[in-house]
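# Chains, contacts and geometry: an overview
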Amino acid sequence: MRWRHPLAALLAALCLLALSACGEPSAPAENPEQTPPAETTEPAPPTDTPETPADPAPAEDSSLTQFRETLAEGGYFCGLAFLGYLPEGDPAGLEELLQAGGYGEDYPFLADLSQDQVVAYEGDEVYCLVPRDPAASLIVQAWNSTPENQYQGEVGETLYTDDQGQPVVLIGNVSDVIPNLQVTLTGEDGTELLWHPALGLCDITLALPATPKVYDFSRYDTLELPQQAADFLGTWAAEGASLTLREDGSAAYTTPAGEAFTGTYYVITTSSQYPEGSVLLELSAEGNTPDFWGIFTFTPEGNTLTAASVTGDRLLDRETVTFTAAE
């Protein structure tokens, strides 16, 4: 077939080209402003490095724990003791003093005190304070008594502070009658002890504070029994309880419930704190730490013995008990 006119052939070719273009859609032109940003890889969050656990606090000496339990059971705010004397107040002799007095054996935690727990001031008298509360706070200060303050005393420099209820040894007192230390102990419940470590004016027993209730664990020397006090020796019974006092200074007490305590007693011949001839009982159910501590006057009459509590634990939980000689 021949096209009669060249123009018609050209138009037909253009139509065919347009029809072929309509069959496949053309790709849109790229717009630089609409190009999606390239994907970026965010850095991984840092891996948490586990914190190194702090070293646990060293466990408390079992003998100290047991002593605190004794204080708590007896309702004592703290334990106090006069340990003896150190030549020139030199702390280097403390270990020997503890062993000589029997404290190292009966209270092993005292042998482990650090140098920071020994407060050495002016003087040679050695005392010990053991708080009942592990969280109690303690402040030890100089106590200055001079002619300028009419020997009434006033607080001086702070020598020691602690808020962890640690036992402390105190060395001080140049004068036999004027203390030079002040101790302020505050318990978890706010109870406060204000104490100037000193001895009674007539003997070597502790001058104890009036309040709060404290436990005197001093090991007073066993003295020879006065003849008039020898009559309280023997075994005595009352309401199912028994009390035995022997010539060698040993003692035993059994409660009506059958609890048995053994230990020692000490006769205090002269004291500014306790009646003359009063007797200190230190007894234990187990171990060395006293579970029963008290000071009594014993009045024998015929086959009876009247025990009157002065301070500390009480026999039969009463202020006065009359025992009968056991057969």
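Residues numbered from 1 in each chain as written. Predicted model: local features only at pLDDT ≥ 70, side-chain atom pairs only at ≥ 80, totals over all residues. Heavy atoms only, no water.

### Regarding the overall build of the protein chain
Within the protein chain, the secondary structure is distributed over four helices and 17 strands. Burial statistics for the protein chain: of 327 residues in total, 41% are counted as buried. Within the protein chain, contacts between residues at least 6 apart in sequence are counted, and of these 56% link residues at least 24 apart. Accessible surface, the protein chain: about 19,300 Å² in total, of which carbon and sulfur atoms supply 51%. (Helix = DSSP H or I, 4+ residues; strand = E, 2+ residues; numbered from the N terminus. Buried < 20%, exposed > 50% of the residue type's maximum accessible area, 1.4 Å probe, protein only. Contact = heavy atoms within 4.5 Å. Areas by Shrake-Rupley, 256 points an atom, 1.4 Å probe, with all protein chains shown as cover.)

### Comments concerning the sheet that holds strand S6 (residues 168–173)
Strand order in the open sheet made by the five strands is S2-S6-S3-S1-S9, with mixed pairing throughout. If you trace the sheet from one side to the other, it starts and ends with strand S2 (118–123) and strand S9 (214–216), each paired once. Taken pair by pair, the neighbouring strands of this sheet meet at an average axis angle of 20°, ignoring direction. Examined bridge by bridge, S2 and S6 share four bridges and lie parallel to one another. Among the inter-strand pairings, Gly123 is bridged to a residue of S6, identified as Asn173. Strand contacts of helix H2 (residues 62–74): strand S1 (78–85), strand S3 (125–131) and S9, with the helix running at about 75° to S3, the strand carrying the most contacts. (Pairing = 2+ DSSP bridges. Axes fitted to C-alpha atoms, helices over the stretch in contact; angles between N-to-C directions.)

### Overview of the packing of aromatic side chains
This structure, assessed with the given rule, holds 21 aromatic pairs. Where Phe82 meets Tyr127, the ring centres are 5.4 Å apart and the plane angle is 50°; that geometry is what we call tilted. Note that Phe82 is positioned in strand S1 and Tyr127 in strand S3, a separation of 45 residues in sequence. Residue class for Phe82 comes out buried when judged on its relative accessible area of 7%. Pairing Phe292 with Phe296 gives two aromatic rings, centres 6.3 Å apart and planes at 5°, and the pair type is stacked. Assessed through its relative accessible area of 6%, Phe292 is described here as buried. By relative accessible area, Phe296 is classed as buried at 1%. In this structure an aromatic cluster arises from ring pairing among Phe67, Tyr76, Tyr103, Tyr107, Phe109, Tyr215, Phe217 and Trp293. (Phe/Tyr/Trp six-rings, centres within 6.5 Å; stacked < 30°, edge-to-face > 60°.)

### A closer look at the sheet that holds strand S7 (residues 181–186)
Hydrogen bonds between backbone groups are what pair the strands of a sheet, and the pairing can be parallel or antiparallel. Strand order in the open sheet formed by four strands is S5-S4-S7-S8, with antiparallel pairing between adjacent strands. Each having just a single partner strand, strand S5 (154–162) and strand S8 (192–195) make up the two edges of the open sheet. Geometrically, the sheet is characterised by an average inter-axis angle of 20° between neighbouring strands, direction not taken into account. Sheet analysis places strand S4 (residues 137–144) next to S5, joined by six bridges and oriented antiparallel. Within the sheet, the bridge partner assigned to Gln141 lies in S5 and is Thr158.

### Here's the deal with unusual backbone geometry
A cis amide bond, omega -10°, links Thr211 with the succeeding residue Pro212. With phi around 70°, Asn173 is a residue other than glycine that occupies positive phi space. Along the chain, Asn173 falls in strand S6. In this model, Asp317 sits at a positive phi of 60°, which is unusual for a non-glycine residue. Of note, Asp317 is situated in the loop between strand S16 (304–312) and strand S17 (320–325). Overall, the relative accessible area of 70% leaves Asp317 in the exposed class.

### Notes on the side chain of Glu125
Relative to the elements of secondary structure, Glu125 occurs in strand S3. Here Glu125 sits buried without a salt bridge, and the closest side chain of opposite charge, Arg219, lies 18 Å off (N-O distance). There is a polar contact of 2.9 Å between the side chain of Glu125 and the side chain of Asn173. Aside from chain neighbours lying at most four places away, what touches Glu125 is Phe82, Gly84, Tyr85, Leu170, Ile171, Gly172, Asn173, Ser175, Asp176 and Leu199. (Lys, Arg positive; Asp, Glu negative; His and termini not counted. Salt bridge = Lys/Arg side-chain N within 4 Å of Asp/Glu carboxyl O. Polar contact = N/O pair within 3.5 Å; in protein donor to acceptor, adjacent residues only side chain to side chain.)

### Observations regarding the nonpolar core
Among the nonpolar cores identified, the biggest contains 51 residues, and Leu83, Leu110, Leu170, Trp195 and Phe217 are the most heavily contacted of them. Non-local contacts of Trp195, meaning those with residues more than four positions away in its chain, are made with Leu80, Tyr127, Leu129, Leu170, Leu181, Gln182, Val183, Leu206, Ala207 and Pro209. Within the second largest apolar cluster, 23 residues are counted, among which are Val267, Val279, Leu281 and Phe298. (Core = buried A, V, L, I, M, F, W, Y, C linked by side-chain atoms within 4.5 Å.)

### Section: the environment of Phe109
Checked against the element boundaries, Phe109 lands in the loop between helix H4 (103–106) and S2. Considered as a pair, Phe109 and Thr65 are 44 residues apart in the sequence and their alpha carbons are 9.3 Å apart. When neighbours within four sequence positions are excluded, Phe109 is seen to be in contact with Asp61, Ser63, Leu64, Phe67, Val130 and Pro167.

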